[in-house]
Amino acid sequence: MIISWNTTQACNISCSHCYRDAGAKRFDELDTAEGKKLLSQIAKAGFKIMIFSGGEPLLRSDIYELISYAKNVGLRPVIGTNGMLITSQVAVKLKTAGLACAGISLDSTEKARHDCFRGQNGAWEQTIAGIKAAKEVGLPFQIHTTVFNWNEGEITDITDLAIKLGAVAHHIFFFVPTGRGENIEKTTLKTAQYETLLERILDKQQQVSIELKPTCAPQFMRIAKQRNLSLRFTKGCLAGTAYCVILPNGDVQPCPYLPINAGNVRVTDFDQIWSNSLLFDEFRNQPLTGACSKCGYDDVCGGCRARAYYYADGDYLAEEPWCSYGR
């Protein structure tokens, strides 16, 4: 099982798609002691992979302490970062703390495109410098790319760049319009583009040695099954079943793109929320509706619950809107 903690709302840049609408630090963010208590409860609940994200998690002065604590309680700590703050010294501190892997965002092979999207000139160069710093000290890293209609054509080129840079994986996030991202909803891929890109990614996977992982695009599991491809993943959408997110203030949600609360860790221990939440019970036991109820692949796909929520007026059990299979 895998879990994300948005450790802070603070960020050093202003990305167009930010689901957390990050910028300034929230006044009510969990402190170090609360964070350690949360990490212990996460381990108790049976989670294995602990993602520290944000905002920009490297803006937390205690991030190294939290990473070390996570490892000590049996979690595999990883981080999601824009990479711009990773110097050689930071990379050494992350490695020493026990970080298993850094997920670094890179959305284009073209500097100007990436910089415009990330809202800061020079962002691409700083991210590449961060990647090189991680590589120099032997800190494993993977590249994270969010897909839009303006960069869809270069996704496998970014894979090639990731390999050249020494990444261990390329995870490709299919945009869900939440937070600041609602302002750019028109840039999301629609049905035909969506399916075609997933086919291209699976084709590319057969040609490269690093892992390619579509995220928020659970149909890749259906396509892989149709093509008799063997993947290490068990299901596409894990929201509320084998994955959830903790917000900076301790609210618990099924995924970062689904703004519905299952509880707050300041009120109820996380392991109790995970086990007893009525919301999570729905995700685990209630049947999906529409095409997702009859396509025959709901066991390996599940449709994107966040995308269903956004496009079906809050119905998170509705059919995946950008999948035509089964209709």
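Please read these numbers as outputs of a predicted model, since none were measured by experiment.

Asks: Would you take a moment to explain the packing of helix α1 (residues 32-44) against helix α2 (residues 63-72) for this structure?
Replies: Geometry of a packed helix pair, given as the angle between the helix axes and the separation of the axes. Where α1 meets α2, the closest approach of the two axes is 10 Å, and the angle between their N-to-C directions is 25°. Classified by the interaxial angle, the pair formed by α1 and α2 is roughly parallel. In the packing of α1 onto α2, the handedness of the crossing is right-handed. Taking contact as the criterion, the partners of Thr 32, Gly 35, Lys 36, Leu 39 and Ser 40 in α1 are, on α2, Glu 65, Leu 66, Tyr 69 and Ala 70.

Asks: Whenever I open this one, the packing of aromatic side chains confuses me. Can you help?
Replies: Where two aromatic rings form a pair, the distance of their centres and the angle of their planes describe that pair. Within the structure shown, the criterion is met by 16 aromatic pairs. Taking 4.8 Å as the distance between ring centres and 65° as the angle between the ring planes, the aromatic pair formed by Phe 47 and Trp 274 counts as edge-to-face. With Phe 47 in the loop between α1 and β2 (49-53) and Trp 274 in helix α9 (residues 270-276), the pair connects residues that are 227 residues apart, well separated along the chain. For the pair shown, Phe 47 and Trp 274 are each scored as buried. Their ring planes at 70° and their centres at 5.5 Å tell us that Tyr 297 and Tyr 325 sit as a pair that is edge-to-face.

Asks: Explain the pattern of salt bridges here, please?
Replies: When the charged atoms of two side chains with opposite charge come close together, those side chains can pair. By the definition in use, this model includes 17 salt bridges. A salt bridge links Arg 60 to Asp 62, with the shortest nitrogen-to-oxygen separation between them at 2.8 Å. Take Arg 60 and Asp 62: they sit in the same class, and that class is buried. The partner of Asp 160 in a salt bridge is Lys 204, and the shortest N-O contact between them spans 2.8 Å. Separated by 44 residues along the polypeptide, Asp 160 in helix α6 (residues 155-165) and Lys 204 in helix α7 (residues 191-205) bring together distant segments of the chain. Residue classification places Lys 204 among the buried residues on the basis of a relative accessible area of 12%.

About the criteria used
- Residues numbered from 1 in each chain as written.
- Predicted model: local features only at pLDDT ≥ 70, side-chain atom pairs only at ≥ 80, totals over all residues.
- Heavy atoms only, no water.
- Axes fitted to C-alpha atoms, helices over the stretch in contact; angles between N-to-C directions.
- Helix = DSSP H or I, 4+ residues; strand = E, 2+ residues; numbered from the N terminus.
- Parallel < 35°, antiparallel > 145°, perpendicular 65-115°, else oblique.
- Left-handed = near helix turned anticlockwise from the far one by under 90°.
- Contact = heavy atoms within 4.5 Å.
- Phe/Tyr/Trp six-rings, centres within 6.5 Å; stacked < 30°, edge-to-face > 60°.
- Buried < 20%, exposed > 50% of the residue type's maximum accessible area, 1.4 Å probe, protein only.
- Salt bridge = Lys/Arg side-chain N within 4 Å of Asp/Glu carboxyl O.

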